Amino acid sequence: VAPLAEHPACGEVRGGVGLAAAVDLSSELLADPHAAHVFYEAVREAGVIVRGQATGVAIGPPLTITPAQLTEIADAVRAGLDAVLLAPGVAHAA
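Residues numbered from 1 in each chain as written. Predicted model: local features only at pLDDT ≥ 70, side-chain atom pairs only at ≥ 80, totals over all residues. Heavy atoms only, no water.

A. Just the overall build of the chain, in detail. If you tally the helices and strands in the chain, you get 3 helices and 4 strands. Taken from the N to the C terminus, the helices and strands of the chain come in the order β-β-α-α-β-β-α. Relative to the 2.2 N^0.38 estimate, which gives 12 Å for 94 residues, the radius of gyration of the chain is 12 Å and therefore close to what a compact globule would have. The principal-axis extents of the C-alpha atoms in the chain amount to approximately 40 × 25 × 20 Å. For the chain, the residues scored as buried account for 37% of the 94 residues in total. (Helix = DSSP H or I, 4+ residues; strand = E, 2+ residues; numbered from the N terminus. Rg over C-alpha atoms; globule rule 2.2 N^0.38 Å. Buried < 20%, exposed > 50% of the residue type's maximum accessible area, 1.4 Å probe, protein only.)

B. Structural view of the nonpolar core. One finds Val23, Leu25, Phe39, Val43, Val50, Val77 and Leu81 to be the most contacted residues of the largest nonpolar core, which totals 20 residues. The element contributing the most residues to this core is helix α3 (residues 67–86), with 5 residues. In this structure Val43 touches Val48, Val50, Ala76, Val77 and Gly80, once residues within four positions along its chain are discounted. (Core = buried A, V, L, I, M, F, W, Y, C linked by side-chain atoms within 4.5 Å. Contact = heavy atoms within 4.5 Å.)

C. Region of interest: the pattern of salt bridges. Scanning the model with the defined rule gives 3 salt bridges in all. A salt bridge links Arg14 to Asp24, with the shortest nitrogen-to-oxygen separation between them at 2.2 Å. Linking Arg14 in strand β1 (residues 10–15) with Asp24 in strand β2 (residues 21–25), this pair joins segments that are 10 residues apart in sequence. Judged by its relative accessible area of 32%, Arg14 is partly exposed. (Salt bridge = Lys/Arg side-chain N within 4 Å of Asp/Glu carboxyl O.)

Okay, structure coming up:
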């Protein structure tokens, strides 16, 4: 998910222990109290289970994950970031 840091809706991508990661929205988008929930719901709609956080989502895949499944996660998170930019009523980054 590290390349997603370049997405205009992304504020930060953090890595943790093992494959754990978190993707936060930009500060401009977080000015809207609904943005993180829109992000979370869009990632779930794309078929990936994540943990919602106040600023974005946390990802904790199993260590037995395949490269194709990692790509699926990254694609779903990208879809979530895109959805936030397109969501009506969410303050958008310039």
